[in-house]
Amino acid sequence: MDSRQLQHFRAIVEHGSFTAAAEALLMAQPSLSTAVKNLEKELGAQLLIRTRSGVVLTESGQEVYRLAVQVLDQMEYAAARVRGFSAGDVGRVVMNVAPTFNWEFLPQLVRQLKAESPGVDFILEDPDPATTLTHIREGQADIGILPTDGVEALRAINPDLSFEVVSRVDLMLALPLDETRPGDEGEIQFAEVAHLDWFIPRIRQGIPGLPEMLEAHWRHHPETRPKRIHHVATIQTALPLVAGGAGVTLAPRSLGNLTHGMLSYRGIKDEFPPLTLVAVWHPGRYQTPVVTRVLKKILTTTTPTAQPPE
């Protein structure tokens, strides 16, 4: 018994007669009759009874029909899944994503991909940048999104990995509400808050980012250096501390709406560059079609000048 025999038998049952089934299958009726006889002989049981009005299933025929539907549907599903894997419409993508990217870009990206390819499953994690690089190297993650102050430095320090810019994020100064007076909505200089405690991410070896940007600024403008600096894991770690009145921090402009009413956000009057977000992946490791598709989507959606991987 093979799939072709099951297809023929199912067609006869669902079309109600040999004649109608033969027409649907584009085959001669005698050939179809022979196929059913061979199936009955192989199984040692009569499956169909011909009548003037069509065919009637025997008890054995009912069981074979049930199994035929189940087997053929499973085969069709398996074939569709394999085609989906090859086309990048089905599969799993593990992403390590900086929280900044989560809020600003990730929801839109996931919505677009799920609408285009509902068969894609995402596993999303937000470890610290150093862990992200380790996960990419070890194959525990397919794609990472990291904040940095320059992609060229990352490439030089990590020559085994590929990096491409996906976006640049404007930063604002986040202050406690009690440090903001009515009418204080304009830009502010670092020197104006140098007397307050600052919370900034700690320096991570091999991943130049916001701490290095601030240190460079303070070296050139020592009058703006805060009296006290505290290091935290991420910008998101600092926000509750700022909301509690413990100090200030820099945060992406996109987070302003999420913490509205808890913090005060002010533009920066000093010349201070935006934070760069980069995608990272391992060029020497095999990428499944779905991973390649998601990576291309990230690069072409967020920055038209980025070059997607081949």
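Everything numeric here is computed off the predicted structure, so don't read it as measured data.

Could you clarify how one ought to interpret the sheet that holds strand β3 (residues 90-97) in this entry?
Two modes of strand pairing occur in sheets, parallel and antiparallel, and in both the strands are linked by backbone hydrogen bonds. Read from one edge to the other, the open sheet built from five strands follows the order β4-β3-β5-β12-β6, with strand pairing classed as mixed. At either margin of the open sheet sits one strand with a lone partner, and together these are β4 (119-125) and β6 (162-169). Taking each pair of neighbouring strands and ignoring which way they run, the sheet shows an average axis angle of 25°. Two strands pair when backbone bridges link them, and β6 and strand β12 (residues 275-281) are joined in this way by seven bridges, in the antiparallel orientation.

Would you explain helix α1 (residues 3-15) in this entry?
Every α-helix winds through 3.6 residues per turn, so residues three or four apart in the chain are directed the same way. For α1, spanning 13 residues, the distance from its first C-alpha to its last is 18 Å, which sits close to the expected 18 Å at 1.5 Å a residue. Among the residues of α1, Gln5, Leu6, His8, Phe9, Arg10, Ala11 and Ile12 are the ones counted as buried. A side-chain oxygen of the first residue of α1 lies 3.1 Å from the backbone nitrogen of arginine 4; this N-cap is aspartate 2. Just beyond α1, the residue with positive phi is glycine 16, at close to 85°.

Honestly, the environment of glycine 209 in this entry has me stumped. Any pointers?
Along the chain, glycine 209 turns up in the loop between β8 (197-201) and α9 (210-220). With relative accessibility at 6%, the residue glycine 209 sits in the buried group. Taking the C-alpha atoms as reference points, glycine 209 and threonine 148, 61 residues apart in sequence, are found 3.9 Å from one another. Beyond its immediate chain neighbours, meaning those up to four positions away, glycine 209 contacts Thr148 and Asp149.

Can you walk me through the domain arrangement of the protein in this structure?
The figure often quoted for interface size is the accessible area lost as the parts come together. The domain boundaries assigned to the protein delineate domain 1 (3-83), domain 2 (90-168 + 276-302) and domain 3 (171-273). For domain 2 versus domain 3, the distance between C-alpha centres works out to 26 Å. Across the boundary between the two partners, domain 2 contributes 15 residues, which contact twelve residues of domain 3. Our enumeration of links across domain 2 and domain 3 arrives at zero salt bridges. For the pair domain 2 and domain 3, the interface holds two residue pairs in polar contact (both at pLDDT 80 or more). Contributing elements (two or more residues each) for the side of domain 2 that touches domain 3: α5 (99-104), α7 (129-138), β5 (143-148) and α8 (151-157).

Would you mind showing me how to read the sheet that holds strand β7 (residues 171-176) here?
Pairing is antiparallel across the open sheet formed by three strands, whose spatial order is β10-β7-β11. Of all the strands in the sheet, just β10 (249-252) and β11 (263-266) have a single pairing partner and so form its edges. On average, each strand axis in the sheet is tilted by 45° relative to the strand beside it, whichever way the strands run. As paired elements, β7 and β10 share four bridges and run antiparallel to each other.

Explanation requested: the UniProt feature "domain: HTH lysR-type" (unreviewed entry) in the protein in the structure shown.
Those places that UniProt annotates as "domain: HTH lysR-type" (unreviewed entry) correspond, in this numbering, to residues 1-58. The distance from the first to the last C-alpha atom of residues 1-58 is 18 Å, and the span holds 62% helix and 14% strand.

Hey, could you run me through the nonpolar core in this one?
General note: in soluble globular proteins, nonpolar side chains tend to be found buried as a group. Of all hydrophobic cores here, the largest spans 48 residues; its most connected members are Val93, Met95, Trp198, Leu210, Leu214, Leu250 and Phe272. Sorting elements by how many residues they give to this core places helix α11 (residues 289-302) first, with six residues. Taken domain by domain, this core gets at least three of its residues from each of domain 2 (90-168 + 276-302) and domain 3 (171-273). Formed by 16 residues, the second largest nonpolar core is a distinct cluster that contains Phe9, Ala11, Ile12 and Leu72.

In this structure, what is going on with unusual backbone geometry? I would like to understand it.
Most peptide bonds adopt trans geometry, and most residues besides glycine take a negative phi value. Phi angles above zero are rare outside glycine, and leucine 26 is one such case at about 60°. Considering the arrangement of structural elements, one finds leucine 26 in the loop between α2 (18-25) and α3 (29-43).

Which parts of the structure should I look at to understand the pattern of salt bridges?
Where charged atoms from two side chains of opposite charge come close, those side chains can pair. Scanning the entire structure with this criterion turns up nine salt bridges. In this structure, the salt-bridge partner of arginine 293 is glutamate 116, at a minimum N-O distance of 3.4 Å. A residue pair is termed long-range when its members are at least 10 positions apart, and arginine 293 in helix α11 and glutamate 116 in helix α6 (residues 106-116) qualify at 177 residues. For arginine 293, a relative accessible area of 26% gives the class partly exposed. Overlapping salt bridges bring together Arg10, Glu14 and Asp73 as one network.

Definitions and limits used
- Residues numbered from 1 in each chain as written.
- Predicted model: local features only at pLDDT ≥ 70, side-chain atom pairs only at ≥ 80, totals over all residues.
- Heavy atoms only, no water.
- Pairing = 2+ DSSP bridges.
- Helix = DSSP H or I, 4+ residues; strand = E, 2+ residues; numbered from the N terminus.
- Axes fitted to C-alpha atoms, helices over the stretch in contact; angles between N-to-C directions.
- Expected span 1.5 Å × (residues − 1).
- Buried < 20%, exposed > 50% of the residue type's maximum accessible area, 1.4 Å probe, protein only.
- Polar contact = N/O pair within 3.5 Å; in protein donor to acceptor, adjacent residues only side chain to side chain.
- Contact = heavy atoms within 4.5 Å.
- Domains from an automatic or database assignment.
- Salt bridge = Lys/Arg side-chain N within 4 Å of Asp/Glu carboxyl O.
- UniProt positions renumbered as here; feature names shortened; annotations may be inferred.
- Core = buried A, V, L, I, M, F, W, Y, C linked by side-chain atoms within 4.5 Å.

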